[in-house]
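Topology and contacts: notes
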Amino acid sequence: MSIPESIAKPLYDAFIEGDEDAANELTQQALQAGLDPLEIINTVIVPALTEVGRLFQLGEFFLPELMMAGEAAEVASKHLEAAIIVSGQASQKLGTVVLGTVEGDVHEIGKNIVATMLRAHGFEVVDLGRNVSPSAFVDAAQERKAHVIGLSSLMTTTRPAAQHTIQLFSELGLRDQYSLMVGGGSVTEEWASELGVGYSPDAAGAVELCKRLVGINPS
Amino acid sequence: MQSNWLVEIMKRAQSGPYIKEKEFELALIKRIRKLVKEYGIKYDANTLVPADDGMADRVFQAGLDLFVEFGAYCQSTERQILFSRDEVLDILAMAPSSVTLGTGKDAVVMRHRGVEDPTPATMHSGPTGTPASEKYHPQILLSCAQEPLVDCLGAGSVATYLGADIIPGTPLELLGARRDASVAREAVRMAGRPGMHINDVAVSLTCAGKMAACDPDAGLRPSDGILVSQMVELKTDFDQLSRVAHLYNIGGITVDLMTPLLGGLGGRAEGTAVVSVADHLLGVVLYDVDYHMFSLTHLNYVNNTDPMGIWTQAMVGQALSRNTPIILLNDIYVLSGPGTTELLYECAAGAMVGTVCGFNMQGAGTTGGFNRDHTTGLEARFIAETSRASLGFSREEASELIPEIMKGYIHTLSNPNRGRPFPEVYDVETVQPTAEWLDMTYSVKEELSKLGINFQYAPRPISS
């Protein structure tokens, strides 16, 4: 069943405007009307959040719009995921990404933007926060059966911590089990290439990179 | 400020309202949006330096409301450190309006500057925000310290110690911090200005690292400064508060470093201006600082010379200059690098808006901090000269001139010209700029002169 325009349009607008209350109410109304939760995700939420990401990339939207759209999506997702479980359908997560700012670095705005964009595109994101030790990355990767591990480093002096984290995965024989990627102000493509890990200069690129790493052809 | 204030702050940091950081951020975003509407604050791309006293005062009031409601978020305890409006205003009234930096004949008095103030700005320089290599760090610092119009030096940041990567919180951070402090001390001595104020050693990311930089003989002295940082936006932790305690212990100069993100939690220019005012108030009330380093940074470009960045600096400077006695320092952060005209035009725009709107000068942070050793003393000279040439301009005049200046770089914002590293634009033996780099500055000054910006030091004829 396709989503009627009378429901799809205001719901889409609620995500674009980051209106958490409207997203909450309209999602519940859509489910009460018997609409397919996966259809709502695929035809309303993903396109809306993709548009928010596009506007952010163009510099027309900023962090507040991105975060509020992410919050609206999170509220809606709780209802939709519950409905998916009840209906017995399979979850449509593209993969699990463990993200964190490396040990010694407390800057996490960039990492938070990447997390929001990845969630918007259907990834399960395990956000470990800032100042994350190498072993915490390893533990989270194993516990959450992650597909991708993303390391963020803003300061030049914290770049070695990213290197040490990658080394630990190798030392423990886990390097081939996960795809690793790096980003942040101190990281360059050349450096990432030397370490043999993925790199993206921005959040939109990180989404495309994650899609490639989990075997999906990027859009 | 009462001497036991930190005891009270620690009590509040442990007993204030508990809130998860993300919830704090979302609440902040929503409140800033409302305050921008309530106070009728509007960005106008056609008036980058508004001469609107009413709006400047409203930006201040909105920032004050925001700080009183949200206080500082302590990441160590996940609690808000809150202050009453009366407390904020009382402490603000007692904040210093001038401070002596450095010692002996090299000491300077940095003052609160008014809007359109004819008093020259105090000039800080050094590779702050742009990483330097061990090899060229000494010459880069000397190139800044030897500039006659430069009053204070920032020691900058070197990422290695004897070739080994410096990791925060390790012995190498402490060794690197002491090494950088001694290199800065030696630079000011070689420049013949041994008492010059050194405003920080940036390699240290921890309080222990900052403390390691302090040494009366070979490092930072009480007449020098240490940065106490805020995490964006309105956030602190016990490590930062410990720096305040250390500075109390040694009687050192406390510098408030804030890096509000344009496009970050404050959103567009209007909201970023409001949260930037609140950030300054945090520095006054929580850190009891001597002066404030305002390092506005665009979320996407990583600079503050784009149109919204210029407007935000204009409004924050005017709001604080008109409503507080505090000492403002504008950190000019640019995308371009040495050996390019774009860098000079970016510096000129930043120097003019800051000078007219109540700031002292700091700069330049070049290449958005991306390119190592892409920083020299010549851009500091250029900022100081442009700042002096901007004295006497009204806000209206600055608002007309800056868009003309911006034509020299605005087309490169998305694809900046990172220029060349220090050894390619300076003779590393004599520590003098190459003729090519020097001539570029004369050429740009000549162009700026045509706009009506009269430099105190006439441009030398361009060499043939």
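The preceding data block contains the structure.
Just so you know, these numbers come straight off a predicted model, no measurement behind them.

1. Examining the overall build of chain B
- Counting its regular elements, chain B contains 15 helices and 19 strands.
- Computed over C-alpha atoms, the radius of gyration of chain B comes to 21 Å, within 12% of the 23 Å expected from 2.2 N^0.38 for 464 residues, which places it in the range of a compact globule.
- Across its three principal axes, chain B shows a C-alpha extent of roughly 70 × 50 × 40 Å.
- Counting over 464 residues, chain B shows a buried share of 64%.
- A separation threshold of at least 6 residues defines the contact pool for chain B, and within that pool the share at least 24 residues apart is 78%.
- If you sum the accessible surface of chain B, you get close to 15300 Å²; carbon and sulfur atoms cover 52% of it.
- Taken as two groups, the 38 positive and 55 negative side-chain charges of chain B have centres that lie 2 Å from each other.

2. Observations regarding the packing of helix 2 (residues 20-32) of chain A against helix 4 (residues 63-87) of chain A
Residues and elements named next belong to chain A.
- Two elements in contact, helix 2 and helix 4, have axes whose closest approach is 8 Å; the angle formed by their N-to-C orientations is 20°. The pairing of helix 2 with helix 4 is recorded here as roughly parallel in orientation. Classified by chirality, the crossing of helix 4 by helix 2 is right-handed. Between helix 2 and helix 4, the residues in contact are Glu20, Ala23, Asn24, Thr27, Gln28 and Leu31 and Glu71, Ala72, Val75, Ala76, His79, Leu80 and Ala83, respectively.

3. Overview of the interface of chain A and chain B
- Tallying the contact residues gives 27 residues for chain A and 30 residues for chain B.
- Here chain A meets chain B over a buried area of about 2400 Å², counting both sides, of which 64% is carbon and sulfur.
- Viewed at the interface, chain B and chain A are joined by 6 salt bridges.
- Between arginine 268 of chain B and glutamate 65 of chain A there is a salt bridge, and its shortest N-O distance comes to 3.7 Å.
- Taken together, the connections running from chain A to chain B amount to 4 residue pairs in polar contact (both at pLDDT 80 or more).

4. A look at the packing of aromatic side chains
All names here are of chain B.
- Using the criterion set out here, one finds 9 aromatic pairs over all chains in the structure.
- A centroid spacing of 5.7 Å and a plane angle of 80° characterise the contact between phenylalanine 24 and phenylalanine 70, whose relative ring orientation is edge-to-face. Within this pair, whereas phenylalanine 24 is found in helix 2 (residues 21-38), its partner phenylalanine 70 is found in helix 3 (residues 53-70), the two being separated by 46 residues in sequence. Across this residue pair, the class does not change: phenylalanine 24 and phenylalanine 70 are buried.
- A ring pair is formed by phenylalanine 422 and tyrosine 426, whose centres lie 4.7 Å apart and whose planes are at 25°; its orientation type is stacked. Neither phenylalanine 422 nor tyrosine 426 differs from the other in exposure class; each is buried.
- Lying across the ring of phenylalanine 455, lysine 445 places its NZ or CZ 5.6 Å from the centre.

5. Here we look at the pairing of strand 16 (residues 328-333) of chain B
All names here are of chain B.
- Strand 16 sits mainly inside the fold: 6 of its 6 residues count as buried.
- Both strand 14 (residues 291-294) and strand 16 contribute to a ladder of 3 bridges, which runs parallel. Across the sheet, the residue bridging to histidine 292 is leucine 328, located in strand 16.
- Taken together, the 5 bridges between strand 16 and strand 17 (residues 360-365) define a ladder with parallel strand orientation. Within the sheet, the bridge partner assigned to asparagine 330 lies in strand 17 and is methionine 361.
- Of the crossover connections in this fold, the one passing from strand 16 over helix 11 (residues 341-356) to the parallel strand 17 is right-handed.

6. Looking at the nonpolar core
- Core analysis: the largest hydrophobic core is formed by 191 residues, its most contacted members being Phe15 of chain A together with Leu66, Leu234 and Ile402 of chain B.
- Both domains that furnish three or more residues to this core are identified here as domain 1 (5-87) and domain 2 (96-213) of chain A.
- Membership of the second largest hydrophobic core comes to 24 residues, among which are Leu151, Leu168, Leu180 and Val187 of chain A.

Calculation notes
Residues numbered from 1 in each chain as written. Chains lettered and ligands numbered in written order. Predicted model: local features only at pLDDT ≥ 70, side-chain atom pairs only at ≥ 80, totals over all residues. Heavy atoms only, no water. Helix = DSSP H or I, 4+ residues; strand = E, 2+ residues; numbered from the N terminus. Rg over C-alpha atoms; globule rule 2.2 N^0.38 Å. Buried < 20%, exposed > 50% of the residue type's maximum accessible area, 1.4 Å probe, protein only. Contact = heavy atoms within 4.5 Å. Areas by Shrake-Rupley, 256 points an atom, 1.4 Å probe, with all protein chains shown as cover. Lys, Arg positive; Asp, Glu negative; His and termini not counted. Charge placed at Lys NZ, Arg CZ, Asp CG, Glu CD. Axes fitted to C-alpha atoms, helices over the stretch in contact; angles between N-to-C directions. Parallel < 35°, antiparallel > 145°, perpendicular 65-115°, else oblique. Left-handed = near helix turned anticlockwise from the far one by under 90°. Buried area = accessible area lost by both parts, 1.4 Å probe. Salt bridge = Lys/Arg side-chain N within 4 Å of Asp/Glu carboxyl O. Polar contact = N/O pair within 3.5 Å; in protein donor to acceptor, adjacent residues only side chain to side chain. Phe/Tyr/Trp six-rings, centres within 6.5 Å; stacked < 30°, edge-to-face > 60°. Lys NZ or Arg CZ within 6 Å of the ring centre and 35° of its normal. Pairing = 2+ DSSP bridges. Right-handed = clockwise from strand over helix to strand, strands pointing away. Core = buried A, V, L, I, M, F, W, Y, C linked by side-chain atoms within 4.5 Å. Domains from an automatic or database assignment.

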